[in-house]
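# Fold and contact review
If you want the building blocks of each chain, they are given just below.
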Amino acid sequence: MTIYSVSDAYKTAIRARTRTDRVTGTLTLTNGTVLNLDAADLMSGSLTLDNQCVTGEELVFGCAYLGQAALNLRTDLSRYAFYGAKLVLHYGLQLPGGRWETVPLGVYTVAEAERRALYVSIKAYDNILALQQKYDGTTMQGTAYALLGQIAAACGLTLGQTEAEIGALNPNAALVCQLSGTDAVYLAGVRRRRGTAGGRLCGGGGRDFPDQVCKKGNDDCPGG
């Protein structure tokens, strides 16, 4: 779980018996159109987020779980307009005095869209989805931080951790390792469980390339 820095007023408001909150966001379609989202655009109770590092039964080293957002959007647009769209969500909490403070809920890419009578049902996945590919390019060599940066670049992502943060996870992160294209390394596995090269580098399981083009909110371990 990633811990966000929030104000003392936020901490007070979140502990109150009653609170006023909201989820807002944007959907950026592949043609550049930006749709602003608020409560009026979503079917009541339809928004769900699923982010985890374990199945609830076991902790699998070297694996990461795909984060998912699902919602029902009131819209007249064709469902086909949403494929590949970028979904950004924020949770907002009203503080004493009326001011709002927000924390990010992640960045997702729409993979499924299904038309209903009054809305389009959308499922979107975080940017770990970009790692679902086999790497057979040139040989990569370097420390865990250098290799993770090369893997991110190969997938069109930006690594969200600093070299110091990666190094603090495991003493082995300072070792120089090599990933050869001839080994047909899978940068990510398949389905919900994604075994990654990054996980093996640091001996962990979690997320290296999460939501905000990797500058993420739900990454727990950089092991991938």
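This write-up is about the structure you can find in this document. Bear in mind that the values here come from a model prediction, so they are computed numbers and not experimental data.

### Points about the sheet that holds strand β7 (residues 100-115)
Judged by pairing direction, the sheet is antiparallel, and its seven strands sit side by side in the order β2-β1-β6-β7-β8-β5-β3 without closing on themselves. Each end of this open sheet is capped by a strand with a single partner; those strands are β2 (34-37) and β3 (48-50). Across the sheet, the axes of successive neighbouring strands diverge by a mean angle of 25 degrees, strand direction being ignored. As judged from the six bridges shared by strand β5 (residues 68-73) and strand β8 (residues 120-126), these two strands associate in the antiparallel manner. Along β8, the bridge assignment pairs Gln68 with Tyr125. Relative to strand β6 (residues 86-94), helix α1 (residues 8-15) is tilted by about 80 degrees, and along the sheet it contacts β6 and β7.

### As for the pairing of β8
Residues in a regular strand project their side chains so that they alternate between the two faces of the sheet. With five of seven residues buried, β8 lies mostly within the body of the structure. With seven bridges connecting them, β7 and β8 associate as antiparallel partners. Each residue of the ladder has a partner; that of Arg115, found in β8, is Val120. Between β7 and β8, which pair antiparallel in sequence order, lie four residues.

### As for helix α2 (residues 144-154)
Helical geometry: 3.6 residues make up each α-helical turn, so side chains three or four residues apart lie on a common side. Of the positions making up α2, those classed as buried are Ala144, Leu147, Leu148, Ile151 and Ala152. Seen along its axis, α2 keeps its buried residues to an arc of 140 degrees; they face one direction. Two residues or fewer after α2 comes Gly156, characterised by a positive phi angle close to 75 degrees.

### So, the nonpolar core
One recurring pattern in soluble globular proteins is that nonpolar side chains are buried together. Within the largest apolar cluster, 18 residues are counted, with the highest numbers of intra-cluster contacts made by Ile128, Leu131, Met140, Ile151, Leu157 and Ile166. Ala69, Leu87, Tyr108 and Val120 belong to the second largest nonpolar core, which has 17 residues in total.

Reading guide: rules and limits
Residues numbered from 1 in each chain as written. Predicted model: local features only at pLDDT ≥ 70, side-chain atom pairs only at ≥ 80, totals over all residues. Heavy atoms only, no water. Pairing = 2+ DSSP bridges. Helix = DSSP H or I, 4+ residues; strand = E, 2+ residues; numbered from the N terminus. Axes fitted to C-alpha atoms, helices over the stretch in contact; angles between N-to-C directions. Contact = heavy atoms within 4.5 Å. Buried < 20%, exposed > 50% of the residue type's maximum accessible area, 1.4 Å probe, protein only. Arc of directions from axis to C-beta. Core = buried A, V, L, I, M, F, W, Y, C linked by side-chain atoms within 4.5 Å.

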